[in-house]
Amino acid sequence: MNEKKLLYIETFGCQMNDRDSEIMRQLLAKAYEPTDVIQIADAIIVNTCSIRDKAEQKAYSLLGTLRKRKRENPELIIAATGCVAQQEGAKMLSRMPHVDLVVGPQNIYQLPELFVKAQQLRKGIVATDMAKSFHIPPFLPSLQQGQPHKRFVTIMQGCNNFCTYCIVPYTRGREVSRKHEDILAEVSHLVAGGVKEVTLLGQNVNSYGNDHPAHSRTSFASLLRRVTEVKGIERVRFTTSNPKDLSEELMQCFTDLEKLCPHFHLPVQSGSNAILQRMNRKYTIEHYLSKVEKLRSYSPEIALTTDIIVGFPGETDEDFQATMDLIEKVRYHSAFSFKYSNRPPAKSCQFPDPVSREKKERRLATLQDRLQQIALERNREYIGSRMDLMVEGESKAADGQWSGRSGTNHIVNFQSHDAFMPGQIVQVVIQEACLHSLRGNLLPYFLP
Ligand code: SAH
Ligand code: SF4
Ligand code: F3S
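All values reported here derive from a predicted model rather than from experimental measurement.

Draft legend 1. Spotlight on the packing of helix 8 (residues 220-228) against helix 9 (residues 248-256). Where helix 8 contacts helix 9, the axes come no closer than 8 Å and their chain directions differ by 20°. Classified by the angle between their axes, helix 8 and helix 9 sit roughly parallel to one another. Judged by the twist between their axes, the crossing of helix 8 over helix 9 is right-handed. Across from Phe220, Ala221, Ser222, Leu224 and Arg225 in helix 8, the residues of helix 9 making contact are Glu249, Leu250, Gln252, Cys253 and Asp256. Here the contact of helix 8 with helix 9 is built from residues that sort into five nonpolar, two polar and three charged.

Given below as structure tokens:
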């Protein structure tokens, strides 16, 4: 019997890439078993992200360290996948000649054949074609013993929005939505295998289905309803949404659907209308704030999180102050904030950018300080309240410490000498608030 070879995958970037890595592992499972130890792997996939310069550098630096490994072991297969691979194509091979395969996100389904070809040809292969009529094939995830209780389900790929700073439309192509039947089949399959929570993934889930013919179109809100109706599912989440497309139909789901978690990631990017316009975000701050208010009227407990870019080309002190004012108005439960990074061919690279690096860094630090204070203040508001948690597992920090996640997406730690299964729901009363987590006391099950 042939022994299986070992496959190591390093994943950078967003949950789309996490899900793609799972798919690649499964596609190659006939010949390769996964390993967490890169040194002993027979094949290495670096699933890259291109969203900021730093992410791209990380991918190149890991690929660079593999040059020596390939010299010592020419049989080793090295593949670069993901957004940098798509963007760079053959250029990647000239910079990294020890790489065997450069594969774009739309081409990962060809990996088994590409691996065979790479072994036979022994020269770099590039597979980055983006087909006009690309469809995400129906693909049922493998279910093993000890698998996670929560999984990602990609519902669409690509983006049509062309925010001027963003590389994603160039690396992932135009929006392609999966058929709702395929998505529901995948969710049912996962739930039958014991999965309790799914997160539906897309770069802009609100435009789900817009690329389907009108007669067979399903809106994102109706897809969400149907996913929450899958028998046995406990929790449903989704990410991410451009505020311009946030509909009342979707807001209504937060009132109606008990299984839909009360958390909304609504990237604002900037508090200044002038900057939003140059970013091509297609909403104003007034528009954004009115959507936030409406969303909270549909679901008063909803936790809001966001993404913010600091130092967009030409951002003035007043523009930055507008972002500081905005976070006081919305009071996000948490936020990711980034320093603007030039990503050619994204359009903003051509915009004049007179602001110094030091100034941008100071602005980012000021913003992050205040975002953290607000997050802590928000967390303190939960003290004394009751929360349902989905157990994640035992905490490594101390004996008898468990960790769970609330519907609002907070990590909550609690003490108990009982044993819990990941995915099990427990109730706690919150006692203490830290910046990144809460601490609660477990309630006995019989409490109403
Ligand atoms: N589709 C998602 C965004 C995915 S990228 C959405 O529209 O919400 C995740 C975040 O990275 C973005 O929200 C943005 O804040 C940040 N980002 C994207 N391009 C960037 C760039 N060129 N420089 C800095 N941050 C960037
Ligand atoms: Fe990028 Fe904008 Fe599309 Fe998000 S909506 S992926 S930020 S182009
Ligand atoms: Fe990065 Fe591509 Fe995701 S650029 S954030 S891996 S879509």
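Draft legend 2. The arrangement of the packing of aromatic side chains in detail. One pass over the full model with this rule turns up twelve aromatic pairs. For the pair Phe162 and Tyr170, a centre-to-centre distance of 5.5 Å together with 85° between the ring planes defines the contact as edge-to-face. On the basis of relative accessible area, Phe162 is assigned to the partly exposed category, the value being 28%. Given a relative accessible area of 31%, Tyr170 falls into the partly exposed group. With a centroid separation of 6.1 Å and 75° between ring planes, the pair formed by Phe312 and Phe351 is classed as edge-to-face. Of the two residues, Phe312 is situated in the loop between strand 13 (303-310) and helix 12 (317-330) and Phe351 in the loop between strand 14 (334-339) and helix 13 (357-380); the sequence distance between them amounts to 39 residues.

Draft legend 3. Looking closely at the packing of helix 12 against helix 13. At a minimum axis distance of 10 Å, the contact between helix 12 and helix 13 shows a crossing angle of 10°. The angle between the axes of helix 12 and helix 13 places the two elements in the roughly parallel class. In contact with Asp317, Phe320, Thr323, Met324, Ile327, Glu328 and Val330 of helix 12, helix 13 contributes Lys359, Arg363, Thr366, Leu367, Arg370, Leu371, Ile374 and Arg378. Split by residue class, the contact of helix 12 with helix 13 holds seven nonpolar, two polar and six charged.

Draft legend 4. Focus on the pairing of strand 13. Within strand 13, eight of the eight residues are buried, which leaves the element mostly enclosed by the surrounding structure. Judged by which residues are buried, strand 13 turns out to be covered on both faces: Ala303, Thr305, Asp307 and Ile309 on one side and Leu304, Thr306, Ile308 and Val310 on the other are all buried. Relative to strand 13, strand 12 (residues 263-265) runs parallel, the two sharing three bridges. Bridge pairing links His265 to Thr305 in strand 13. Here strand 13 runs beside strand 14; their pairing, made up of six bridges, is parallel.

About the cut-offs
What you see as residue numbers is a count from 1 along each chain, following the sequence as written. Both sets of labels track the order of writing: A upward for chains, 1 upward for ligands. Note on the predicted model: pLDDT of at least 70 is required for a residue's local features to be given, and 80 or more for side-chain atom pairs to be given and counted; whole-chain, interface and lining totals, by contrast, use all residues. Side-chain measures were taken over the full set of non-hydrogen atoms in the model, leaving aside hydrogen atoms and water. With axes taken as lines fitted to C-alpha atoms, and helix axes fitted only over the stretch in contact, angles between N-to-C directions fall between 0 and 180 degrees. Strands here are runs of E lasting at least two residues and helices are runs of H or I lasting at least four, both read from the DSSP assignment and numbered beginning at the N terminus. When an angle is under 35 degrees it counts as roughly parallel; over 145 it counts as roughly antiparallel; between 65 and 115 it counts as roughly perpendicular; any other value is oblique. Two helices cross in a left-handed way if the nearer one is turned anticlockwise from the farther one by less than a right angle. They cross in a right-handed way if the turn is clockwise. Should any heavy atoms of two residues lie within 4.5 Å, those residues are counted as being in contact. Residue classes follow a fixed rule: Ala, Val, Leu, Ile, Met, Phe, Trp, Tyr, Cys and Pro count as nonpolar, while Asp, Glu, Lys and Arg count as charged, and any other residue, Gly among them, counts as polar. Whether two aromatic rings pair depends on their centres lying within 6.5 Å, for rings of Phe, Tyr and Trp, where Trp uses its six-membered ring; planes under 30 degrees apart make the pair stacked, over 60 edge-to-face, and the rest tilted. Burial classes: relative accessible area under 20% of the type maximum marks a residue as buried, over 50% as exposed, and values in between as partly exposed (1.4 Å probe, protein chains only). Paired strands, as defined in this entry, are two strands with at least two bridges between them according to DSSP.

So far we have only geometry, and geometry alone does not tell us how the molecule works.
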